[in-house]
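One letter stands for each residue in the lines below.
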Amino acid sequence: MKCSNAMKRMILSIAWIIVGAVILVLALFGKLDEFWSGFGGALVAVGVLQLIRHIRYRTNEEYKEKVDVEVNDERNKYLSSQAWAWTGYIFVLCAAVAAITFRVMGKDELCSLCAAAISLMCVIYFVAYMILKRKY
């Protein structure tokens with residue numbers, strides 16, 4: 001029996017709810033620290049919201065059509081790729097300003113962290129560019 005993509009997504013949403021609930025319960029009983037209680041609560045919330053969205057998609061034909069148009073529309077795909085490009089540029093510029101600011105303030109560890117983030121972004125960009133250059 002083949003499981004549809006929509007069913008896989010619903011199962012994944014249920015899995016997020018279960019994993020989040022387990023983490024939340026463990027944190028509430030003191031087995032994990034308070035960070036994990038927030039993390040577990042967030043997983044439960046995301047799982048519930050995604051499950052509601054998937055159920056709405058399957059039951060509401062008007063909503064399904066709207067989502068399908070949004071997902072498959074070329075303009076939306078272009079806007080999404082441009083938004084990611086702008087995000088990358090802005091992140092690198094903000095991290096560069098932060099690195100300089102932290103260096104001036106004598107916060108060498110934070111400066112190194114920002115510089116490492118910039119370097120990682122540049123490496124990822126270069127690798128992605130080379131892959132896309134071969135593909136297209």
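One can find the structure itself at the top, above this paragraph.
Below or above, wherever it landed, is the structure these notes cover. (Residues numbered from 1 in each chain as written. Predicted model: local features only at pLDDT ≥ 70, side-chain atom pairs only at ≥ 80, totals over all residues. Heavy atoms only, no water.)

### Section: the packing of aromatic side chains
The final tally for this structure, using the stated rule, is four aromatic pairs. Relative to Trp36, the ring of Phe35 has its centre 4.9 Å away and its plane inclined at 85°; by these criteria the two rings are edge-to-face. Taking 6.2 Å as the distance between ring centres and 25° as the angle between the ring planes, the aromatic pair formed by Tyr125 and Tyr129 counts as stacked. A residue pair is termed a helical-turn pair when its members lie 3 or 4 positions apart in one helix, as Tyr125 and Tyr129 do in helix α5 (residues 108-135) at four residues. Judged by relative accessible area, which is 46%, Tyr129 ranks as partly exposed. An aromatic cluster is defined as three or more aromatic residues linked by ring pairs; in this entry it consists of Phe35, Trp36 and Phe39. Geometry around Tyr63 places Arg56 over its ring, the cationic atom sitting 3.9 Å from the centre. (Phe/Tyr/Trp six-rings, centres within 6.5 Å; stacked < 30°, edge-to-face > 60°. Helix = DSSP H or I, 4+ residues; strand = E, 2+ residues; numbered from the N terminus. Buried < 20%, exposed > 50% of the residue type's maximum accessible area, 1.4 Å probe, protein only. Lys NZ or Arg CZ within 6 Å of the ring centre and 35° of its normal.)

### Digging into the packing of helix α2 (residues 34-59) against helix α3 (residues 61-72)
Pairs of packed helices are described in terms of their axes, by the angle between the two and the distance that separates them. Between α2 and α3, whose axes approach to 6 Å, the crossing angle comes to 105°. When the interaxial angle is binned, α2 and α3 end up roughly perpendicular. The segment α2 lies against α3, with Arg53, Arg56, Tyr57 and Thr59 engaging Glu61, Tyr63, Lys64, Val67 and Asp68. Its residues assigned to classes, the contact of α2 with α3 shows three nonpolar, one polar and five charged. (Axes fitted to C-alpha atoms, helices over the stretch in contact; angles between N-to-C directions. Parallel < 35°, antiparallel > 145°, perpendicular 65-115°, else oblique. Contact = heavy atoms within 4.5 Å. Nonpolar A, V, L, I, M, F, W, Y, C, P; charged D, E, K, R; others polar.)

### Observations regarding helix α4 (residues 74-104)
Under the 1.5 Å per step criterion, the end-to-end length of α4 is 45 Å for 31 residues, consistent within 8% with the ideal 45 Å. Along α4, the positions that sit buried rather than exposed are Gly88, Ala95 and Ala99. Summarising the contacts, the buried residues of α4 are in contact with α5. Following α4 by one or two positions, Gly106 has its phi on the positive side, about 80°. (Expected span 1.5 Å × (residues − 1).)

### A word on helix α1 (residues 5-28)
The terminal C-alpha atoms of α1, which comprises 24 residues, lie 34 Å apart, in line with the 34 Å expected from a rise of 1.5 Å per residue. Inspection of α1 places Met10, Ser13, Gly20, Ile23 and Ala27 among the buried residues, and these make up the whole buried set. As for α1, its buried residues are in contact with α2. Immediately beyond the C-terminal end of α1, within one or two residues, lies Gly30, with a positive phi of roughly 85°.

### A closer look at a nonpolar patch on the surface
A surface patch of nonpolar side chains, about 730 Å² in accessible area, is lined by Val123, Tyr125, Phe126, Val127, Tyr129, Met130 and Ile131. You can see Val127 is positioned in helix α5. Residue class for Val127 comes out partly exposed when judged on its relative accessible area of 41%. (Patch = residues over 30% accessible without salt bridge, like charges linked within 9 Å, V, L, I, M, F, W, Y side chains within 5 Å. Areas by Shrake-Rupley, 256 points an atom, 1.4 Å probe, with all protein chains shown as cover. Salt bridge = Lys/Arg side-chain N within 4 Å of Asp/Glu carboxyl O.)

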